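Structural overview for review
The residues making up each chain are set out below.
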Amino acid sequence: LFYGRVVVAPLNIVLYNVLSDETSSELYGTEPLTFYFLNGALNFNIVFPLALMTPIVLGISSIVSKRKKVLKDLSLISGLFIWLLIFVPQPHKEERFLFPIYTLISFSAALCLDALVSLVKKMTPTALKPTVNALKVSVVVVFALLCSSRIVALNRNYHAPLDVYPQLSAEAEGKVVCVGKEWYRFPSSFFLPENTRLEFIRSEFRAQLPKHYDVVNGTKGVPTHMNAMNMEEPTRYVKASACDFLVDTELHHSTQLEPVYGEMEQWDRIYCVPFLDSAATQSALARALFIPPHLIGEHKHTSTMGKYCLYKNKQLLQL
């Protein structure tokens, strides 16, 4: 109905990414085998290794503590390992590919923790068994603290786009808002005023950018100037001088195609908020978690912040 023909989306995904001799998901970037394991540890901290240990712990528990329904428990979490078995070997990896198994990760970790507590109780003297419950509490507390640190870090380091785009007031209605290297952090057209158009300016990114929908045919239309090889399409770009507003970052590194627009005469800063300069932040811990400064002082595990800014074109718009 929406495409004007019969479309089986899951089949198209397999045909393009796996079975095609002409195209490959590798065109969109590749990651090492460790990517999903590091990503899982980043988002689930201690829960992710617990989830992966579940089959081993359940097996030991069935022997030592005579745990029942082990096969049923394994069947319930089998989807987690089948999913990983399919996606880990794929060269092209993205965090979103793990979204469908997030609930299974949590469930598997819960099974593992329960089985571990049972094992510890089995091997602990009777007088000390009441203290074993502290194991569960400790895991939950550590998990909660690390999750809270991660949430604060994400909000502090990367929330800027959601703060900047709402600053586009009624003055931007019917105007052109441009992005360059920050194209992939554009949240949604819902953040733009009425009849405001988003356009791209050239940056160091060298691949195919998104294209506007066909306003006449919508999803039924076959878009022009597209390619299956993820090659750069020059028709996507407009000149920076044609932009009424611009959203970009001010970081420690700049190039000719990615200058600091706030230092150029043509542009005036309207609104800026702090944004993590990941390239200048050497510590992976500082990029991933928030550690209160008073706990570490002047330390290498502090983050380096840049700016996420909204600019106005002074040559097109009167201040």
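Data block above holds the structure.
Residues numbered from 1 in each chain as written. Predicted model: local features only at pLDDT ≥ 70, side-chain atom pairs only at ≥ 80, totals over all residues. Heavy atoms only, no water.

1. Topic: helix H4 (residues 70-87)
The test is simple: Helix and strand definitions here come from DSSP, where helices need a minimum of 4 consecutive H or I residues and strands a minimum of 2 consecutive E residues; each element is numbered from the N-terminal end. What a helix is expected to span follows from its residue count: subtract one and scale by 1.5 Å. In this analysis the local bend is the angle between axes fitted, respectively, to the seven residues ending at and the seven residues starting at the residue. Only protein chains enter the calculation, and the probe is 1.4 Å; a residue is then buried if its accessible area is under 20% of its type maximum, exposed if over 50%, and partly exposed in between. We call two residues in contact when some of their heavy atoms are within 4.5 Å.
Between its terminal C-alpha atoms H4 stretches 26 Å, which fits the 26 Å expected from 18 residues at 1.5 Å a residue. Residue Ile-77 marks the point of greatest curvature in H4, where the axis turns by about 45°. Along H4, the residues that are buried comprise Val-70, Asp-73, Ile-77, Leu-80 and Leu-84. Those residues of H4 that are buried are in contact with helix H3 (47-64) and helix H5 (102-123).

2. Things to note about the packing of aromatic side chains
Rules: Two aromatic rings from Phe, Tyr or Trp, using only the six-membered ring of Trp, form a pair when their centres are within 6.5 Å; if the ring planes differ by under 30 degrees the pair is stacked, by over 60 it is edge-to-face, and anything between is tilted.
For the coordinates displayed, the defined rule picks out 12 aromatic pairs. Considering the side-chain rings of Tyr-165 and Phe-186, the 5.3 Å spacing of their centres and the 70° angle between planes classify their relative orientation as edge-to-face. Of this pair, Tyr-165 sits in the loop between helix H7 (160-164) and strand E1 (176-179) while Phe-186 sits in the loop between E1 and strand E2 (197-200), and the two are 21 residues apart along the sequence. Per residue, the accessibility class of Tyr-165 equals that of Phe-186, and both read buried. Here the aromatic rings of Tyr-261 and Tyr-311 are separated by 6.4 Å at their centres, their planes lie at 55°, and the arrangement is tilted.

3. Brief notes about the packing of H4 against H5
The test is simple: To define axes, lines are fitted to C-alpha atoms, for helices over the stretch in contact only, and angles between the resulting N-to-C directions are given on a 0 to 180 degree scale. By convention, the crossing between two helices is left-handed when the near helix turns anticlockwise from the far helix through less than a right angle, and right-handed when the turn is clockwise. Each residue is assigned to one of three groups, with Ala, Val, Leu, Ile, Met, Phe, Trp, Tyr, Cys and Pro labelled nonpolar, Asp, Glu, Lys and Arg labelled charged, and all others, Gly among them, labelled polar.
At a closest axis distance of 9 Å, the pairing of H4 and H5 adopts a crossing angle of 145°. The crossing of H4 and H5 is left-handed. Between H4, through Asp-73, Leu-76, Ile-77, Gly-79 and Leu-80, and H5, the contact on the second element is made entirely by Leu-104, Ile-105, Phe-107, Ser-108 and Leu-111. Here the residues of the contact of H4 with H5 sort into 7 nonpolar, 2 polar and 1 charged.

4. Quick notes on the state of the cysteines
Filter applied, for reference: In plain terms, two cysteine sulfur atoms within 2.5 Å form what is called a disulfide here.
All chains considered together, the criterion is met by 2 disulfides. Bridging Cys-178 to Cys-243, the disulfide has an S-S length of 1.9 Å. Where Cys-178 bonds to Cys-243 through sulfur, the torsion about that S-S bond is close to -85°, and the disulfide is left-handed. Of this pair, Cys-178 sits in strand E1 while Cys-243 sits in the loop between E2 and strand E3 (245-250), and the two are 65 residues apart along the sequence. With relative accessibility at 0%, the residue Cys-178 sits in the buried group. Look at Cys-243 and you get buried, because its relative accessible area is 0%. Each sulfur of the disulfide joining Cys-272 and Cys-309 lies 2.0 Å from the other.

5. Looking at the nonpolar core
The following threshold applies: In plain words, nonpolar cores are sets of buried Ala, Val, Leu, Ile, Met, Phe, Trp, Tyr and Cys residues tied together by side-chain atoms within 4.5 Å.
In this structure, Leu-80, Leu-84, Ile-101 and Ile-105 are the most contacted members of the largest nonpolar core, which totals 25 residues. Elements with a minimum of two residues in this core: helix H2 (35-44), H3, H4 and H5. Considering every element that reaches this core, the biggest residue donor is H5, with 8 residues. Counting residues in each nonpolar core, the second largest holds 20 residues, with Leu-198, Tyr-237, Val-273 and Phe-275 among its members.

6. Description of the side chain of Arg-150
The condition is simple: Only four residue types enter the tally: Lys and Arg on the positive side, Asp and Glu on the negative side, with His and both chain ends excluded. For this analysis, a salt bridge means a side-chain nitrogen from Lys or Arg found within 4 Å of a carboxyl oxygen belonging to Asp or Glu.
Along the polypeptide, Arg-150 turns up in helix H6 (residues 133-158). Within the buried set, Arg-150 has no salt-bridge partner at all; the shortest N-O distance to an opposite charge, 5.7 Å, is to Glu-95. Here Arg-150 is in contact with Leu-42, Asn-43, Arg-287, Ala-288 and Leu-289, once residues within four sequence places are set aside.

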